[in-house]
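Structural overview
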Amino acid sequence: MTSTNPTLSPVGGADAPPAGLRPSRRSSVRAAQTRRKWYEIVGLTLPAVIVYVMFVLVPMGFAVYYSLFRWRGIGPPTDYVGFDNYVLAFQDPIFLDALRNNAIIVVGSLVVQGPIALAVALLLNRRFRGRAVFRLIVFVPYVLAEVTAGIMWKLLLTDNGTVDALMRSLGLGSLVRAWLADLDIVIWTMLFVLTWKYVGFAIILLLAGLSNVPPELTEAAAIDGASWWQTQRHVMLPLLGPTFRIWMFLSMIGSLQAFEVIWVTSVPAVRSLGASATMATYMVDNGFFARLWGYGNAVAVILFVISFVVALLFQRFLLRRDIEGAVTGRVN
Amino acid sequence: MAVDSAQSPSVTRRPVAWSTPLTYALALAVAAVSIAPVVYVIIGGFRTTPQIIADPAGLPDPWVWDNYARVLTQSDFWKQAFNSAVIAVGTTVGVVVLGVCAAFVLARYTFRGREGLYTFFTLGLLFPSGAAILPLYLMLRDLTLINSYYAVILPQIAFALPLTIVILRPFLSAVPRELEDAAAIDGAGRLGFLWRIMLPLSRPALVTVGVLAFVASWNAFLLPLLVLGDADLHTLPLGVQNFSSQYTSDTAGILAFTSLAMLPALLFFTFAEKQIVGGLQGAVKG
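Predicted model, so just to flag it, every value in this text is computed and none were measured.

**Observations regarding the overall build of chain A**
- Helix and strand counts for chain A come out as 13 helices and two strands.
- Taken across its 332 residues, chain A has 41% of its residues classed as buried.
- Counting contacts in chain A only where the partners sit at least 6 residues apart, residues at least 24 apart contribute 68% of the total.

**Re the overall build of chain B**
- Per the secondary structure count, chain B includes 14 helices and zero strands.
- For chain B, the succession of helices and strands along the chain, N to C, is α-α-α-α-α-α-α-α-α-α-α-α-α-α.
- Residues classed as buried in chain B amount to 50% of the 286 residues present.
- Once local pairs closer than 6 in sequence are excluded, the contacts in chain B between residues at least 24 apart make up 80%.

**Considering the interface of chain B and chain A**
- Each partner contributes residues to the interface: chain B has 92 residues there, and chain A has 92 residues.
- Looking at which element gives the most residues to the side of chain B that touches chain A, the answer is helix α14 (residues 251–283) of chain B, with 14 residues.
- Grouping the constituent residues of the side of chain B that touches chain A by class yields 62 nonpolar, 22 polar and eight charged.

**Considerations on the environment of V33(B)**
- Mapped onto the elements, V33(B) comes out in helix α2 (residues 21–44).
- Note: C-alpha distance between V33(B) and W195(B) (162 residues apart in sequence) is 45 Å.

**Details of the nonpolar core**
- Formed by 168 residues in total, the largest nonpolar core has its most connected members in I203(A), L206(A), V299(A), A300(A), L303(A) and L161(B).
- Once you skip the residues sitting within four places of it in the chain, I203(A) turns out to touch A117(A), V120(A), A121(A) and V138(A).

**What about helix α11 (residues 203–219) of chain B?**
- With 17 residues, α11(B) should reach 24 Å at 1.5 Å per residue; the first-to-last C-alpha distance of 24 Å fits that figure.
- Of all 17 residues that make up α11(B), 13 are buried, and the element is covered over most of its length.

**Digging into the packing of helix α4 (residues 131–143) of chain A against helix α7 (residues 186–211) of chain A**
All names here are of chain A.
- Contact pair α4 / α7: the axes reach a minimum separation of 7 Å and the direction vectors enclose 125°. For the element pair α4 / α7, the angle class is oblique. For the pair α4 and α7, the sense of crossing is left-handed. Contacts from V138, F139, P141 and Y142 of α4 reach α7 at W196, K197, Y198, G200, F201, I203 and I204.

**Some details on the confidence of the model for chain A**
- In the predicted model, chain A carries a mean pLDDT of 85, and 89% of its residues have values of at least 70.
- Contacts from residues 325–332 of chain A, a stretch scored under 50 in pLDDT, to residues over four places away or in other chains number 21 contacts.

**A closer look at the confidence of the model for chain B**
Residue and element names in this part refer to chain B.
- Overall, the prediction assigns chain B a mean pLDDT of 84, with 90% of residues at 70 or greater.
- Helix α1 (residues 2–11) is the least confidently modelled element of chain B, averaging 42 in pLDDT, while helix α12 (residues 222–227) averages 94, the highest of any element.
- Segment residues 1–13 is flagged for pLDDT under 50; beyond a separation of four residues in sequence, or across chains, it makes 18 contacts in the model.
- In the predicted assembly, ipTM is 0.83 and pTM is 0.84.

**Describing unusual backbone geometry**
- Following D61(B), the chain continues to P62(B) via a peptide bond in cis, the omega torsion being -5°.
- With respect to the helices and strands, P62(B) occurs in the loop between α3 (49–54) and α4 (66–72).
- The phi angle at N160(A) is positive, at roughly 60°, despite the residue not being glycine.
- Within the element layout of this structure, N160(A) appears in the loop between α5 (146–157) and α6 (162–169).
- Phi at T144(B) takes a positive value of approximately 50°, unusual for a residue other than glycine.
- Inspection of the secondary structure assignment puts T144(B) in the loop between α7 (133–142) and α8 (150–174).
- Classification of T144(B) as exposed rests on a count of 9 C-beta atoms within 10 Å.

**Observations concerning the environment of A132(B)**
- Looking at the secondary structure, you find A132(B) in the loop between α6 (114–126) and α7.
- For A132(B), a count of 28 C-beta atoms within 10 Å gives the class buried.
- Considering only alpha carbons, one finds A132(B) and F111(B), 21 residues apart in sequence, at a separation of 32 Å.
- Excluding its chain neighbours within four sequence positions, the residues that come into contact with A132(B) are V56(A), P59(A), M60(A), A63(A) and A300(A).

So, how was this worked out
Sequence positions are assigned chain by chain, starting from 1 and proceeding in written order. Chains carry letters and ligands carry numbers; both start at the beginning, A for chains and 1 for ligands, and go up in the order they are written. The predicted nature of this model means local features are confined to residues of pLDDT at least 70 and side-chain atom pairs, given and counted, to a pLDDT of 80 or more, with totals for whole chains, interfaces and linings taken over all residues. Each helix is a run of DSSP H or I of at least 4 residues and each strand a run of E of at least 2, with the numbering of both proceeding from the N terminus. Exposure criterion: with C-beta atoms placed from backbone coordinates, a residue whose C-beta has 20 or more other C-beta atoms within 10 Å is buried, one with 12 or fewer is exposed, and one in between is partly exposed. Each residue is represented by a C-beta atom placed from its backbone, and any two residues with such atoms within 7 Å are regarded as in contact. Three categories are distinguished: nonpolar for Ala, Val, Leu, Ile, Met, Phe, Trp, Tyr, Cys and Pro, charged for Asp, Glu, Lys and Arg, and polar for the others, with Gly belonging to the last. The nonpolar core criterion groups buried Ala, Val, Leu, Ile, Met, Phe, Trp, Tyr and Cys residues into a set whenever they are joined through C-beta atoms within 7 Å. Here the expected span of a helix is defined as 1.5 Å times the quantity of residues minus one. Helix axes use the C-alpha atoms of the stretch in contact, all axes being lines fitted to C-alpha atoms, and the angles between their N-to-C directions lie in the range 0 to 180 degrees. Oblique is the label for every angle not falling under 35 degrees (roughly parallel), over 145 degrees (roughly antiparallel), or within 65 to 115 degrees (roughly perpendicular). Crossing handedness: left-handed means the near helix sits turned counterclockwise from the far one by under a right angle, and right-handed means the same turn made clockwise. Confidence of the predictor in every single residue is expressed as pLDDT, which spans 0 to 100.

Right under this line is the structure:
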């Protein structure tokens, strides 16, 4: 813990107390130091607090307010409709499709990316020549812009495009589908692209976690005669628990907000039928482009509440131990 | 702790051995899946659209430079690259300056409400920034900031602050207290200590948060899509998306444009990858 130490850290050369002060002077000097400390605290944190409150918290408050109106975005909102917008949303089959799709993406990302990321992280944590290059390559999809990845896969997956050609040349021609147009398949195509795009992030986090494991532990396991597999299973995996749970948390929050990849990769017509819509694409389509501002803000609040509840439940039941000292916890 | 662990890989480096063929086979397979589509896009930019349609999975024959030349001689591409650069640099500077100041207070000052303030910032990690995009647009419109660089820079700084503070705080608190005392004895105030000792010492963490903010900004799409209606202010992601929906039949051109747009982020990340993994170690406890 850091602590202020008035005697050892005089704040600023000019204000430094001369030696041999009478007690009354000394206490006023101390008061000046305390005041000065508070000036510094406020001065250093205020810009960050203002920007953060203004552009993260305030808009969310406005969303709740706007969501209670029927409003086309021109002039101040006047047509108060209570919770009608929320009722409308839950009666719209397209929105319910979007909810289902978000659920598929949340669960699918965890189930598919988790095991892949663990395996690749353990593999790339071995010491071997060329490891650095492999690590770099594995992160490439994560660094690409969502738009870039989306357009890329859109071209690759187009009818009679590269993916189809490759599958045919491998004798899998009978499995070729209309990846981006078949209403029953498109969400799984989206899940595939999202997995390709984001599994690298899980790998980065897990590698960072793995490199925090003290080498003494693996050396001790080796001395006890543990094989590489046994070391991974009984030493590495348990120690990776906290990092893995933090990744799960970030992955779920990200999946609930999925927007860019789906917006770019899937055809608008398919999206508007609900087959590939997510809450976020539904919100932007209806709120921004169809100018149903009150309704769009209601969807924003729903998206926010769902994310927040998921986040709180996850924190309450799984993350509580980890965040002590890790992501949000105390600093020693 | 964090400072040490970020540097330990180079300290404890042992001679690296070749590994088993199985390890390489697996690593190669993983690498192929990761990078093959990207390589395909870059190489595809050297083909003509008829070539691509005739044989989607083939190699350029002959190699054509025309697509890349067309994009590079287009004024739109350079304008968009310039806009992306201004916004990304502005965001990065803002995030690092505001983040360091706040994290420094949270790491090195003791005061009532400190943990509360920290929790307040970390709440931002729970906030889905995308959820607030519509009211954010309305607010920026009321502030008449729409169609300006600020409309993207300021919210991006706000979105990036929580993660920045979470990464920086452990780094700044890991600097030994003796250094602070020594600086005080030499007559440096706490701000002098921040400037002369903390900042140089925490450079790896600063690079980490800087690169993360830069890449996030360079790649951002949703916010610019809503607030930059003016085509003169469009960033590269908007440009790529517009190009691909405007010239749907020019597949080769789209591939070339996409390749050129992703290049800066890739180079930047390649240069800073080690720093990022090192910087994350402070925030993630293994």
